[in-house]
Amino acid sequence: MENTTINDTRLSPHFKLGEFLNLSKYPDNKPTMQHVANMTYGCLMLLEPARQVVGPIIINSGFRNPRVNTLVGGVRNSQHLTGQAADIRPQDPRQFFKLVNFLRTCEHTDQLLTSTNWLHISWTPLSTPRHDVRIGYYK
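Residues numbered from 1 in each chain as written. Predicted model: local features only at pLDDT ≥ 70, side-chain atom pairs only at ≥ 80, totals over all residues. Heavy atoms only, no water.

Okay, the overall build of the chain next. Helices and strands together make up the secondary structure of the chain, namely five helices and seven strands. Beginning at the N terminus, the succession of helices and strands in the chain can be written as α-β-β-α-α-β-α-β-α-β-β-β. In terms of overall size, the chain behaves like a compact globule, its C-alpha atoms giving a radius of gyration of 14 Å where 139 residues would be expected to give roughly 14 Å. Dimensions of the chain along its principal axes, counting C-alpha atoms only, are 40 × 30 × 30 Å. Evaluated residue by residue, the chain yields a buried proportion of 47% over its 139 residues. Taking the intrachain contacts of the chain between residues at least 6 apart in sequence as the baseline, contacts between residues at least 24 apart amount to 56%. The positive charge centre, built from 15 side chains, and the negative charge centre, built from 10, are 6 Å apart in the chain. (Helix = DSSP H or I, 4+ residues; strand = E, 2+ residues; numbered from the N terminus. Rg over C-alpha atoms; globule rule 2.2 N^0.38 Å. Buried < 20%, exposed > 50% of the residue type's maximum accessible area, 1.4 Å probe, protein only. Contact = heavy atoms within 4.5 Å. Lys, Arg positive; Asp, Glu negative; His and termini not counted. Charge placed at Lys NZ, Arg CZ, Asp CG, Glu CD.)

Okay, here's the thing in structure tokens:
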């Protein structure tokens, strides 16, 4: 599949697969169908509902293959490797705390780790979410 086709593949009404992959920087960062299914779940259950609350959301990092995960310093068991995590921020920085508060109470949140202007959110399509919330985790 060509990168333009991959980039334009819609996961939900407001999110495209290309936003999760950063193929311009990492051309080999291509997901399997299971990874795509996991990202679609995250979009539908967390990111779309969050977008309704805070407006547009920017994905800084989404799916990572093992090579990309190592390059960016991701942990060995990162949920980014399975398409079950994204590092995000609201387009409007003034909506950051509203985004955090929404995701910390969302029943589908597995893990929420925050920095000062972005956050890591993860989900678990096939198991019960841990609701592991750590505000100020990234210094």
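A word on helix 3 (residues 33–54). One turn of the α-helix equals 3.6 residues, which is why residues spaced by three or four share an orientation. Counted at 1.5 Å a residue, the expected span for helix 3 with its 22 residues is 32 Å, and the 29 Å between its end C-alpha atoms agrees. At Cys43, helix 3 is bent by approximately 40°, the largest bend along its length. Within the span of helix 3, buried status applies to His35, Val36, Asn38, Met39, Gly42, Cys43, Leu46, Leu47, Glu48, Ala50 and Val54. With its phi angle positive at about 90°, Gly55 sits one or two positions after the end of helix 3. (Expected span 1.5 Å × (residues − 1). Bend = angle between axes of the 7 residues up to and from the residue.)

Glancing now at the pairing of strand 4 (residues 85–90). In terms of burial, strand 4 is a largely internal element, five of the six residues being buried. Here strand 3 (residues 57–61) runs beside strand 4; their pairing, made up of four bridges, is antiparallel. Looking at strand 4, one finds that Ser61 is bridged to Asp87. The sheet contact formed by strand 4 and strand 6 (residues 119–122) spans four bridges and is antiparallel. Residue pairing across strands places Ala85 opposite Ser122, the latter belonging to strand 6. (Pairing = 2+ DSSP bridges.)

We now examine the packing of helix 3 against helix 5 (residues 96–105). Each pair of packed helices can be described by the angle between their axes along with the distance between the axes. The contact between helix 3 and helix 5 brings their axes to 10 Å, and the two run at 140°. Considered as vectors, helix 3 and helix 5 are oriented oblique to each other. Here helix 3 runs over helix 5; the crossing is right-handed. Contacts between helix 3 and helix 5 pair Leu46, Pro49, Ala50, Val53 and Val54 from the former with Lys98, Leu99, Phe102 and Leu103 from the latter. Of the residues assigned to the contact of helix 3 with helix 5, the class counts are eight nonpolar, no polar and one charged. (Axes fitted to C-alpha atoms, helices over the stretch in contact; angles between N-to-C directions. Parallel < 35°, antiparallel > 145°, perpendicular 65-115°, else oblique. Left-handed = near helix turned anticlockwise from the far one by under 90°. Nonpolar A, V, L, I, M, F, W, Y, C, P; charged D, E, K, R; others polar.)

On to the nonpolar core, then. By size, the foremost hydrophobic cluster in this structure holds 28 residues, and its most contacted members are Phe20, Leu47, Ile88, Leu99, Leu103, Leu119 and Ile121. Among all residues touching Leu103, those that are not within four sequence positions of it are Leu46, Ala50, Ile88, Thr109, Leu112, Leu119 and Ile121. (Core = buried A, V, L, I, M, F, W, Y, C linked by side-chain atoms within 4.5 Å.)

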